[in-house]
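Now for the letters of each chain:
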Amino acid sequence: ASRVRRKHVHVKKNKAPKVDLQEWKFHSNFIVSSWRKLLRKVSYADLGLSIYESVRDVDELEPLFRFTNRVVQGTKFVDMLSSIVDNIHSPAEIYVKIADLAPLHHRKGVRGSQMPLMQEIVMRVFDSTLGDDMLEEEKKAWLWMWAFLTKALDQSLKEVGSTLSVVRDCWESILEQYTPADLGELIYDQLFKLAPNVASLFTKPREVMAIKMGNTLGTLVSFADDPESMKQQVTWLGVRHVLYNVRPHHIPLIGPVFMNVLSEAAGAMWTPEVEKSWGIVIKMVCENMAEAIQNGEDYGTSLEHIVLYLREHVYIEVFSKNFQAEL
């Protein structure tokens, strides 16, 4: 039996922010009409690119999308706007869409305070596309909707915050019974049981790797409510793992291993709500790490190509002498 003394903490999704349904119905008609006019004037892809390029010009927003593909991210922007129009009959459905993206937004460092900047960009793109065809009522409708979206984003991010609180409580309880090294050994054993073919990636002694794994998990939990710091930690972790020949496709193996070990260690505290909370955090970690490893591989390949080109086309002693002189 578990010696956990903590109370159960239930995680639940809140309802959508309250709205005046009469106002909602009035504004929704103008939102739909303006959206239809937009898509008659410009293609889905071009609309997305216009928004993306405008976002990249804003210093506060640019870091959020620095390493994204312009076409893919542009399409995501338009997909989100389109989903609002598609679900315009239901504030609750729109909120569900936003809440589902909340862990990703938290991981990326998105904040409600950035919504006015996005509103300005979207409205500017709409206005430049439609020109005189955009009615004043349609502008007001989108501004009204954006106020709802801002409240919804803030609320969904707070829900993620409560999820992380559940994770920290559970982690503290686990540490009452296990040391990080104990947990690391469980992780190590589970990983080799689940994927014995990854054994060649681990060249250091089991005891050393176990301590590293346990400490890493603890570090990630400590940064769970600070997306920027967590991303930095996981990015460095991912870059280091590139040197160990870990590939992006290895990372999905980590999630089930961590979850199995945590459920065993948490014992009676491992309720469906706690499991869901840990799942959100572990998913954020794995996505960040896979992205960091992929970026490391991409940049490493580019650097290798540069070095090969220099070796083939430049007299290396002359290049080295000039390079040192510049330094």
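Residues numbered from 1 in each chain as written. Predicted model: local features only at pLDDT ≥ 70, side-chain atom pairs only at ≥ 80, totals over all residues. Heavy atoms only, no water.

Undergrad: Hey, could you run me through empty space enclosed by the protein in this one?
TA: Gaps left between atoms are located by rolling a probe of water-molecule size over the structure's atoms. Under the definition given, this model contains 1 cavity of 30 Å³ or more. Roughly 30 Å³ of internal volume is contained in the largest cavity. What lines the largest cavity is L217, L220, V221, W278, V281, I282 and V285. If one sorts the elements of the lining of the largest cavity by residue count, helix α11 (residues 272-313) sits on top with 4 residues. Looking at the lining of the largest cavity residue by residue, the classes come out as 7 nonpolar, no polar and no charged. (1 Å grid on protein atoms, 1.4 Å probe; cavity = no way out; pocket = protein on both sides within 12 Å on 5 of 7 lines; lining within 4 Å. Points joined across faces, edges and corners; volume = space filled by probe spheres on them. Helix = DSSP H or I, 4+ residues; strand = E, 2+ residues; numbered from the N terminus. Nonpolar A, V, L, I, M, F, W, Y, C, P; charged D, E, K, R; others polar.)

Undergrad: Looking at this structure, how should I read helix α3 (residues 70-86)?
TA: Residues spaced three or four apart along an α-helix face the same direction, because each turn holds 3.6 residues. Compared with an ideal rise of 1.5 Å per residue, which puts 17 residues at 24 Å, α3 spans 24 Å between its outermost C-alpha atoms and is within 8% of the ideal. Of the residues making up α3, those classed as buried are Q73, G74, F77, V78, L81, S82, S83, I84 and V85. Where α3 begins, the capping side chain belongs to N69, and its oxygen is found 2.9 Å from the backbone nitrogen of V71. (Expected span 1.5 Å × (residues − 1). Buried < 20%, exposed > 50% of the residue type's maximum accessible area, 1.4 Å probe, protein only. Polar contact = N/O pair within 3.5 Å; in protein donor to acceptor, adjacent residues only side chain to side chain.)

Undergrad: Looking at this model, I keep getting lost on the packing of helix α6 (residues 136-175) against helix α10 (residues 254-266). Mind explaining?
TA: A pair of packed helices is characterised by two quantities: the angle between their axes and the separation of those axes. At a minimum axis distance of 9 Å, the contact between α6 and α10 shows a crossing angle of 65°. Between α6 and α10, the interaxial angle falls into the category roughly perpendicular. Every pair of crossing elements has a handedness; the one defined by α6 and α10 is left-handed. Only L262, A265 and A266 of α10 make contact with α6, whose side of the interface consists of C170, W171 and I174. In terms of residue class, the contact of α6 with α10 is built from 6 nonpolar, no polar and no charged. (Axes fitted to C-alpha atoms, helices over the stretch in contact; angles between N-to-C directions. Parallel < 35°, antiparallel > 145°, perpendicular 65-115°, else oblique. Left-handed = near helix turned anticlockwise from the far one by under 90°. Contact = heavy atoms within 4.5 Å.)

Undergrad: Please clarify how the confidence of the model for the chain should be interpreted in this entry.
TA: Where the model shows low pLDDT, its predicted coordinates should not be examined in detail. A residue-level look at the chain finds 76% of positions with pLDDT of 70 or above and a mean pLDDT of 80. Contacts of residues 1-13 to residues separated by more than four positions or lying in other chains number 32 contacts, the stretch itself having pLDDT below 50. (pLDDT = per-residue confidence, 0-100.)

Undergrad: So what exactly am I meant to see when it comes to the packing of aromatic side chains here?
TA: Any pair of aromatic rings gets described here by the distance separating the centres and the angle formed by the planes. For the coordinates displayed, the defined rule picks out 8 aromatic pairs. An angle of 80° between the planes, with centres 5.0 Å apart, marks the rings of W24 and F148 as edge-to-face. Residue W24 is located in helix α1 (residues 21-41), and its partner F148 is located in helix α6; the two are separated by 124 residues in the primary sequence. When sorted by exposure, W24 lands in the same class as F148, which is buried. (Phe/Tyr/Trp six-rings, centres within 6.5 Å; stacked < 30°, edge-to-face > 60°.)

Undergrad: When you look at the pattern of salt bridges in this model, what are you seeing that I'm missing?
TA: A pair can form between side chains of opposite charge whenever their charged atoms are brought close. Scanning the entire structure with this criterion turns up 6 salt bridges. Among the salt bridges present, the one from R70 reaches E53, with a minimum N-O distance of 2.9 Å. In this pair, R70 is assigned in helix α3 and E53 in helix α2 (residues 44-56), connecting sequence segments 17 residues apart. Salt-bridge contacts for K139 lead to D127; the nearest nitrogen and oxygen are separated by 3.4 Å. On the criterion of sequence distance, the pair formed by K139 in helix α6 and D127 in helix α5 (residues 115-130) is long-range, its members being 12 residues apart. In this structure K139 comes out as partly exposed when scored by relative accessible area, which is 24%. (Salt bridge = Lys/Arg side-chain N within 4 Å of Asp/Glu carboxyl O.)

Undergrad: Whenever I open this one, the nonpolar core confuses me. Can you help?
TA: Side chains of nonpolar character tend, in soluble globular proteins, to be buried together. Counting 44 residues, the largest nonpolar core has W35, V55, L81, F126, W142, M145 and L149 as its most contacted members. When residues of this core are traced back to their parent elements, those giving at least two are α1, α2, α3, α4 (91-108), α5 and α6. A per-element tally of this core places α6 first, with 9 residues. Core analysis: the second largest hydrophobic core is formed by 35 residues, V160, I187, L217 and M284 among them. (Core = buried A, V, L, I, M, F, W, Y, C linked by side-chain atoms within 4.5 Å.)

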